[in-house]
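Report on the structure
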Amino acid sequence: MDTTAGPGAAAPGNTAGPQDAVDATGSDHILEMRGITKRFPGVLALSDVNLSVRRGEIHAICGENGAGKSTLMKVLSGVYPHGSYDGDIVFEGRTAEFKSTRDSEHVGIVIIHQELALSPFLSIAENIFLGNERAARGVIDWNHTNSEAAKLLARVGLDERPDTRIIDIGVGKQQLVEIAKALSKEVKLLILDEPTAALNDEDSAHLLGLISGLRDLGITSIIISHKLNEIEAIADTTTVIRDGQTIETLDMRDPGVNEERIIRGMVGRSLDHRFPEHTPSIGDEVLRIEDWTVHHPLDQSRKVVDGASLNVRRGEIVGIAGLMGAGRTELAMSVFGRSYGAHISGRVYKDGKQVNLHTVGDAIKAGIAYATEDRKHYGLNLIATIRDNVSGAAIHKVSGRGVIDRNEELKVAERFRKELNIRTPTVEALVGKLSGGNQQKVVLSKWIFSDPDVLILDEPTRGIDVGAKYEIYTIINRLADAGKGVIVISSELPELLGICDRIYTLSQGRITGEVARQDATQERLMHYMTMEKDVTPR
C-alpha cells in the first residue's frame, strides 16, 4: 500500500493553501518549524521555537533534560495535534496540520520514541506491519508479510527470522526492528529520540552506522541524544534548545564546533570540569561481600555472578565496571534482598557483622539501598506525585499508627525538591511528567530519605544531559561526605574515572580487577573487563 501523499496532494489532516504552491522537492529544506509554542497547565514547554532541517541530512537536537526536545518532536509527529500548539509546520513546502501520528506517517514522517513501541509477544514481522498489514480482502497474507519483513531486516542488518518474537531479542535489535518498521512506511524524515540510551557500544555503533547509511539513501534524520560524542561523529547540523527556546544552530563541519561548544550552548556556560572536585574522607569498612555466587533464575545451571568479593568503606565511592552481561546489575540486585537470581550463596557483612538479607525489607532495615538502572519501571511510580514517591521507601517515617501524616510527607518532599534542585514548581506534580534528570533526583530523594549507610546506584546518569549529570555527581559526593558508602555501576568509563575512589571490574560474573583511582585508566579497566574465565587446557 502506498503510504505517501502524491505530488500536490494534501495528506488527511493537512491543508495546502496558495502559499504552498512550491514544488515539494524543490526546496533545500525538507522541514521548517516556525514559532512553535506549546503550553501545559502552569508550564510553558516551548516558546517561539524555530527549526530548519535540510533534505538528506542528519540533524541533531541537543539540550538539557526538560529543555523541550521531545515535546518539539511530539508536536512535529502529531502526538500533540494541530490546535494544541501555536506556530506552523512546513513539510516539503506544504503547511502541515497533523491531527495524529497517522497523519504525519502518511507524508513520510516517522518517530521512534525512547520507550520503544513494540508488542513483546508478537513476532518481528507482525510488529513491522502492525496497523499496516499485508492483507487481501481482510485476510493477512503471511507469506507476503514474512517475505517483506525479511527484506526490511536485511536492509537494517538484522539477522533474525521474521517470526522471532520481540521478547526474545535484545534492546539493540529491537531498535533495528523499529527502523525496519519505519522503512516499511516509506519514511522520508526519521525522528529518533535517544536511540542509543540503552545500548552497549557495539549496538550503538551499528545503529549509528545504519543511520549514516540511510542518509546516503536520501533519508533525512533528526536525532535527539545526550551522547555528545555520537552527535559530533554523525550529525551534519546541530540545533541547541535551552529552556524551551531555540538558542543556536551549529554546522558540525565547522572546526570550532566540538563537545565543549555544544555544552556551552546547552547550559549557557562552559563546563570546564565535567566532574566536581572532591577530596574523600574515607573511614571504616561499612560493607563487605564475600564469595557471592548467583545462578540465573531460569537457567539455574548458569552462574551470572561467580564468587565475587568486594568491600566499601564509609565516605568512599566505589565503582563497578563491566561490559553488557558481565553481571553488574545481577550482583547488585541479588545483594539487595535477593531481588534477582536463584541458588544464591556467599556472605554479606555490615559494619563487620554478618547480615542475612533474604528480602528487600531486610536490606532496607540493614541500611542498604539500591537505585535501579530502570527508573521508569522499577524505581518510580510514574502515575504518582513527587510527594508520594519520595516517601515510598520509608513510609513509616511519615506515619503514625498506620496513618500517613500528609503534612509531614509534604514537608519532606518539599525539602528534597529544594535540596536536590528538582525543577518543578510543586511536589504534587506527577513523576511521569518530569524530565529524566529530575526523575533521577526523585529516585535519589527516595533512597536518601530512607537514611541508608550504603547506596548502590545502578547507571545513575543514564539518559541524562551533562548539566544534570554534574548535579547528580555533586549529590553523590555529598552522600560520601556524610559518611555513606556509595557503589556506582556505570557503562561510562569516564564517569567512573571521574567520581570513584576505587573501581572493581567484572567479566563473565567474576571480579577480575580492583584499581585505585590514581592508577585507573580506560585502557587498564577495559583490559580487566575483557578478561575471560580461566580455562584449563585440554
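An unreviewed UniProt entry annotates the protein as Xylose ABC transporter ATP-binding protein originating from Cellulomonas persica. Note on the protein: under the UniProt heading Subcellular location (unreviewed entry), the record states "Cell membrane".

Overview of the sheet that holds strand β9 (residues 189-193)
Spatially, the six strands line up as an open sheet ordered β6-β9-β10-β3-β11-β12, and their pairing is mixed. Two strands bound the open sheet, and with one partner strand each, they are β6 (109-112) and β12 (245-251). In this sheet, adjacent strand axes meet at a mean angle of 20° when their direction is disregarded. With four bridges joining them, strand β3 (residues 58-62) and strand β10 (residues 220-224) adopt parallel strand pairing. Pairing of Ile58 across the sheet is with Ser221, part of β10.

Some remarks on the sheet that holds strand β13 (residues 285-295)
Taken together, the four strands give an open sheet; going across it, the order is β14-β13-β16-β17, and neighbouring strands pair in antiparallel fashion. Edge positions in the sheet fall to β14 (303-313) and β17 (353-355), since each has one partner strand and no second. Strand-to-strand twist of the sheet, defined as the mean angle between neighbouring strand axes without regard to direction, takes the value 15°. Bridge count between β13 and strand β16 (residues 342-350): six bridges; the pairing is antiparallel. Residue Glu290 lies in a different strand from β16, and its bridge partner there is Arg347.

Section: the packing of helix α4 (residues 142-155) against helix α5 (residues 171-184)
Orientation of α4 relative to α5, taken along the N-to-C sense of each, is 115°, at an axis distance of 9 Å. Along this stretch, α4 crosses α5, giving a crossing that reads as right-handed. Taking contact as the criterion, the partners of Leu152, Leu153 and Arg155 in α4 are, on α5, Ala180, Leu183 and Ser184. The residue inventory of the contact of α4 with α5, partitioned by class, reads four nonpolar, one polar and one charged.

Procedures and definitions
Residues numbered from 1 in each chain as written. Predicted model: local features only at pLDDT ≥ 70, side-chain atom pairs only at ≥ 80, totals over all residues. Heavy atoms only, no water. UniProt positions renumbered as here; feature names shortened; annotations may be inferred. Pairing = 2+ DSSP bridges. Helix = DSSP H or I, 4+ residues; strand = E, 2+ residues; numbered from the N terminus. Axes fitted to C-alpha atoms, helices over the stretch in contact; angles between N-to-C directions. Left-handed = near helix turned anticlockwise from the far one by under 90°. Contact = heavy atoms within 4.5 Å. Nonpolar A, V, L, I, M, F, W, Y, C, P; charged D, E, K, R; others polar.

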